[in-house]
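Notes for the structure review
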Amino acid sequence: MTNPLILGIETSCDETGIGIVRGTELLADTLASSVEEHARFGGVVPEVASRAHVEAMIPTIKKSVAAAGINLNQIDAIAVTSGPGLAGALVVGVAAAKALGVALNKPVYGVNHLASHVAVDTLENGKLPEPTLALLVSGGHSSLLKVNNINYEIESLGKTLDDAAGEAFDKIARVMGLGFPGGPAVDNEAKNGNNNAIKFPRGLTQAEDWRTRPFDFSFSGLKTAVARYLESTPQYKRADVAASFQEAIVDVLLQKSLAACKTTGIESLVIAGGVAANSRLRQLAEQRCADAGIRLRIPSPILCTDNGAMVAALGSLMSSAGRAPSAIDFSATSSLAVTSVSV
Ligand code: KG4
Ligand code: ZN
């Protein structure tokens, strides 16, 4: 189908996202977030998130449909995140998608949240080069991917052995008293600090690591180093710690991404996921990719963090490519592998 009208539903974590796209044109991207309900716990509470999705689902769909200026009957298909994510939260989105699918007699695509983060880039920058490398950095995942075809063929080149990049931002923000979610808070604080004030470790960048696991990440050593520094330096400058910590993460993410480009000979890199909203990552990626002759694509910050448009974008690519929708009995899979683009 050409230029299908797709409604996307995202409920993998704490954002109820409803997006509507026609082809690669973004018509609406509506969010209801339960982030404030989690802030005092310093992390997302699954049960609270699930309940919030139930309450937000219908009002958010209505808002999005109104914003897009369409009628629900006009949509060609529904796309929904089937995983990975919080099990109870995913189930709410999947149930809503199936109910809509049955009521409107429209096909439903159960799609991968991680592939959706990459697919959203097509709404702003058009068709993805094939293959392209993708650095996927979110609160739950950090991976280097070889995307042969965003609809059905993604290979994993490497991933984090411990914390995800976003998780590291969130944990460090917590120990520095910067609140939750930590990524935007550290990003902000770092603007007043010196990137090179403190030399924090770059995980898995020893010669042996480059030989044995060149495209994997590890952030636990960095986390420990920052915690030790804070303990041993009572008069620390928070902005300098934030900036130096951020620099260590961003540096290693880009070192590995560019090494992957070099090894595979692929000259195109997409950076996606919540951490791709980071201003220093965006800035340094631009510099280093320009120097290395790599074409860089990063979605606008608002499309990097979880949203419904990204799910609609992947559904639209699948529908346009004539891929079959999911069987009606598909389920939410909290540990869905990054290589399973759809279910
Ligand atoms: O993709 P996402 O919205 O949700 C998941 O799929 O996990 O990513 C959320 C993560 C959080 O850890 C958040 O702290 C981080 O992305 N994040 C950032 C920034 N904005 C969001 N990290 C660094 N700098 C930012 N500006
Ligand atoms: Zn995400």
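Residues numbered from 1 in each chain as written. Chains lettered and ligands numbered in written order. Predicted model: local features only at pLDDT ≥ 70, side-chain atom pairs only at ≥ 80, totals over all residues. Heavy atoms only, no water.

**Observations concerning the coordination of the zinc ion (ligand 2)**
The test is simple: Because no water is among the atoms considered, metal sites can look incomplete, with donors defined as N, O and S atoms within 2.8 Å of the metal, or 3.2 Å for Na, K and Ca. Only protein chains enter the area calculation, which uses a 1.4 Å probe; residues under 20% of their type maximum are buried, those over 50% are exposed, and those in between are partly exposed.
Bound to the zinc ion (ligand 2) on the protein side are His113 (NE2), His117 (NE2) and Asp306 (OD), at distances that span 2.0 to 2.1 Å. Overall, His117 belongs to the buried group, its relative accessible area being 1%. On the accessibility criterion, Asp306 (16% relative accessible area) is buried.

**Remarks on unusual backbone geometry**
Quick reminder of the rule: Helix and strand labels come from DSSP, where a helix needs a run of H or I of at least four residues and a strand needs a run of E of at least two; each type is numbered from the N terminus.
With an omega of -10°, the peptide bond running from Gly83 to Pro84 counts as cis. Within the fold, Pro84 resides in the loop between strand S4 (77-83) and helix H3 (87-104). Residue Pro131 follows Glu130 across a cis peptide bond; omega there is -5°. As for its position among the elements, Pro131 is in the loop between helix H5 (122-125) and strand S6 (132-137). One non-glycine residue with positive phi stands out, namely Asn105, at about 60°. Along the chain, the position of Asn105 falls in the loop between H3 and strand S5 (108-112).

**Let's talk about the sheet that holds strand S2 (residues 15-22)**
We count it as follows: At least two DSSP bridges between two strands are needed for those strands to be called paired. Axis geometry follows a simple rule: fit a line to the C-alpha atoms, using only the stretch in contact for helices, then measure angles between N-to-C directions, giving values from 0 to 180 degrees. It only takes one pair of heavy atoms within 4.5 Å for two residues to be counted as in contact.
On the basis of which strands lie adjacent, the open sheet formed by 5 strands has the order S3-S2-S1-S4-S5 and mixed pairing. Single-partner strands in this sheet number two, and they are strand S3 (25-33) and S5. Each strand axis lies, on average, 20° off the axis of its neighbour in the sheet, ignoring direction. Where S2 meets S3, 8 bridges bridge the pair, whose relative direction is antiparallel. Within the sheet, the bridge partner assigned to Gly19 lies in S3 and is Asp29. Lying on the sheet, helix H2 (residues 46-68) is in contact with strand S1 (5-10), S2 and S3; it crosses S2 at an angle near 25°.

**So, the site of ligand 1**
For clarity, the cut-off: Each residue is tested against the molecule or strand, and it is near if at least one of its non-hydrogen atoms lies within 4 Å. Definition of a polar contact: a pair of N or O atoms within 3.5 Å, with one able to donate and the other able to accept a hydrogen when the atoms are protein atoms, and with sequence-neighbouring residues admitted only if both atoms are side-chain atoms. Under the convention used here, a 1.4 Å probe and the Shrake-Rupley method define accessible areas, while residue burial counts only the protein chains that appear. Each residue is assigned to one of three groups, with Ala, Val, Leu, Ile, Met, Phe, Trp, Tyr, Cys and Pro labelled nonpolar, Asp, Glu, Lys and Arg labelled charged, and all others, Gly among them, labelled polar.
Neighbouring ligand 1 are 18 residues; Gly139, Asp170, Gly183, Asp187 and Asp306 lie closest to it. At a separation of 3.0 Å, an oxygen atom of ligand 1 approaches a polar side-chain atom of His113. Burial of ligand 1 by the surrounding chains reaches 88%, relative to a free accessible area of 550 Å². Elements with a minimum of two residues in the shell around ligand 1: helix H4 (113-119), helix H6 (165-175) and helix H7 (182-190). In terms of residues, the shell around ligand 1 owes the most to one element, H7, which gives 4 residues. Of the residues belonging to the shell around ligand 1, the class tally is 4 nonpolar, 11 polar and 3 charged.

**A short note on the packing of aromatic side chains**
Rule in force here: Note on aromatic contacts: the rings of Phe and Tyr and the six-membered ring of Trp form a pair at centre separations within 6.5 Å, being stacked when their planes are under 30 degrees apart, edge-to-face when over 60 apart, and tilted otherwise. Remark: a charge is flagged as sitting over a ring if the NZ atom of Lys or the CZ atom of Arg is within 6 Å of the ring centre and within 35 degrees of the ring normal.
Under the criterion given, the structure shown has 3 aromatic pairs. Seen from their ring centres, Phe217 and Phe219 are 6.1 Å apart, and the 10° between their planes marks the pair as stacked. Accessibility expressed as a relative area gives 2% for Phe219, which makes it buried. Sitting over the face of the ring of Phe330, Lys98 holds its NZ or CZ atom 4.9 Å from the ring centroid.

**Considering H7**
Counting buried residues along H7, 7 of its 9 residues qualify, which places the element largely inside the surrounding structure. Among the residues of H7, Gly182, Gly183, Ala185, Val186, Asp187, Glu189 and Ala190 are the ones counted as buried. Looking at the buried side of H7, the elements it contacts are H6, helix H10 (238-264) and helix H11 (279-292).

**Looking at the environment of Ile70**
As for its placement among the helices and strands, Ile70 is situated in the loop between H2 and S4. Judged by its relative accessible area of 13%, Ile70 is buried. Sequence separation of Ile70 and Leu27 is 43 residues, and the distance between their C-alpha atoms is 9.2 Å. Aside from chain neighbours lying at most four places away, what touches Ile70 is Leu5, Ile20, Arg22, Leu27, Val65 and Ile75.

**A closer look at the nonpolar core**
Stated precisely, the cut-off is as follows: Here, the term nonpolar core denotes a set of buried Ala, Val, Leu, Ile, Met, Phe, Trp, Tyr and Cys residues that are joined through side-chain atoms within 4.5 Å.
Counting residues in hydrophobic clusters, the biggest one holds 48 residues, and the most contacted among them are Phe245, Ile249, Leu253 and Ile271. Within the residue set of this core, elements represented by two or more residues are S6, H6, H7, helix H9 (220-232), H10, strand S9 (268-272) and H11. The element that contributes the greatest number of residues to this core is H10, accounting for 14 residues. Membership of the second largest hydrophobic core comes to 32 residues, among which are Ile6, Ala77, Tyr109 and Leu314.

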